[in-house]
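The residues making up each chain are set out below.
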Amino acid sequence: VQIQVVKEGQSLYPEFKYEKEFDNGVTVTVSAEEGILPLGTKARIEEVTAQVEEAVVEMVESEATEDDPIVVNSVLAYDITLIDSDGNVLDDSWNDSGFVKVEFSGSQIEERSEEASFVEIAHLETETNVQKEKLTVQDVAALNPVTDNVEIPEAQSVSTLEFDAEHFSTYMIIFKDTAQWNQIS
C-alpha cells in the first residue's frame, strides 16, 4: 500500500509538464492544465520510428489517388504513455476533465518540414507492441489524423507541431509531398 501525502492547499490534479529530448533532435513535450491529470503522473515517451515507418509510408501512399497524389518524405513516431504514481498505465478517464497537449519541436521538425509540402500528425491504432516489434501494413488497424494537413509554403518550415490528445499510444508526424500521378492505360 502506497500512501501519498498531500499538503494542505496542494491540488490532487496539479498542472503537469514533461519534456523529453531525443538524440535525433526532436523534443516531445506533454502538458496539462491543473485539474486534468492526477498528482504523481509521469510520462514515458519512446521513439518507435524504425518499427513503424515502412508500414506507415506504404499505407499512406497506397491511399493516394489521381486527385490526391501523395508521397511520404519521412515519418517520425513516438509511443507516449501516461503512468500514475503507482507505476500503472493511466486509463483514458482523465479526458473527461480536458485535454493533454502534445508538442513536437526541434531541429528535425524544422529540417523535415522544410523538405515537405504538408505535415500531419496521426494516431496509430494497432495491437502490435511497437516498442518491441516491427510493424507491417497488415498490423495497422487505422491511422487517425489528429491534425489537419498543415501546408508548408516552399522554402519555409515549421518549428513546432502540437495537438490536444484524448488518449495515448503511438503518434506519428508524417511529412508529405504531392506526387506526379502517372496514369497507366
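Figured I'd write up the structure that's included with this text. Bear in mind the structure is a predicted one, so any value in this text is a computation, not a measurement. (Residues numbered from 1 in each chain as written. Predicted model: local features only at pLDDT ≥ 70, side-chain atom pairs only at ≥ 80, totals over all residues. Heavy atoms only, no water.)

### Thoughts on helix α2 (residues 107–114)
Phase 1: Along α2, the residues that are buried comprise Gln108, Ile109 and Ser113. The buried residues of α2 occupy an angular sector of 120° when the element is viewed end-on, so they sit on one face.
Phase 2: The inward-facing, buried residues of α2 abut β2 (26–32), β4 (70–83), β5 (100–106), β9 (160–165) and β10 (170–178). (Buried < 20%, exposed > 50% of the residue type's maximum accessible area, 1.4 Å probe, protein only. Helix = DSSP H or I, 4+ residues; strand = E, 2+ residues; numbered from the N terminus. Arc of directions from axis to C-beta. Contact = heavy atoms within 4.5 Å.)

### Observations regarding the environment of Val102
Phase 1: Assignment of secondary structure puts Val102 in strand β5.
Phase 2: Expressed as a C-alpha distance, the spacing of Val102 and Ser31, which sit 71 residues apart in the sequence, is 6.6 Å.
Phase 3: Excluding anything up to four places from it in sequence, Val102 contacts Val28, Thr29, Ile80, Leu161, Glu162, Phe163, Ala165 and Phe168.

### Looking at the pattern of salt bridges
Note on pairing: side chains with opposite charge can pair once their charged atoms come close.
Phase 1: Under the criterion given, the structure shown has 4 salt bridges.
Phase 2: For Lys101, the salt bridge is made with Glu103, and the minimal N-O distance between the two is 3.9 Å.
Phase 3: A salt bridge links Glu120 to Lys176; the nearest nitrogen and oxygen atoms lie 3.0 Å apart. Residue Glu120 is located in strand β6 (residues 118–126), and its partner Lys176 is located in strand β10; the two are separated by 56 residues in the primary sequence.
Phase 4: Given the relative accessible area of 12%, Glu120 is considered buried. (Salt bridge = Lys/Arg side-chain N within 4 Å of Asp/Glu carboxyl O.)

### Some points on the sheet that holds β9
Where strands meet in a sheet, backbone hydrogen bonds hold them as pairs that are either parallel or antiparallel.
Phase 1: The sheet built from 4 strands is open, its strands ordered β1-β2-β5-β9 with antiparallel pairing. Whereas interior strands pair on both sides, the edge strands pair on one side only; in this sheet they are β1 (16–21) and β9. Neighbour-to-neighbour, the strand axes of this sheet turn through a mean angle of 15°, independent of strand direction.
Phase 2: Two strands pair when backbone bridges link them, and β5 and β9 are joined in this way by 6 bridges, in the antiparallel orientation. Within the sheet, the bridge partner assigned to Lys101 lies in β9 and is Asp164.
Phase 3: Running at roughly 75° to β5, α2 makes contact with β2, β5 and β9 of the sheet. (Pairing = 2+ DSSP bridges. Axes fitted to C-alpha atoms, helices over the stretch in contact; angles between N-to-C directions.)

### Some thoughts on helix α1 (residues 49–62)
Think of an α-helix as turning once every 3.6 residues; residues three or four places apart then point the same way.
Phase 1: Over its 14 residues, α1 extends 19 Å from the first C-alpha to the last, a length consistent with the 20 Å expected when each residue adds 1.5 Å.
Phase 2: Within α1, burial applies to Thr49, Gln51, Val52, Ala55, Val56, Val57, Met59 and Val60.
Phase 3: For α1, the elements touching its buried residues are β3 (42–47), β4, β6, β7 (140–145) and β10. (Expected span 1.5 Å × (residues − 1).)

It is worth stressing that arrangement in space is one thing and function is another; only the former is reported here.
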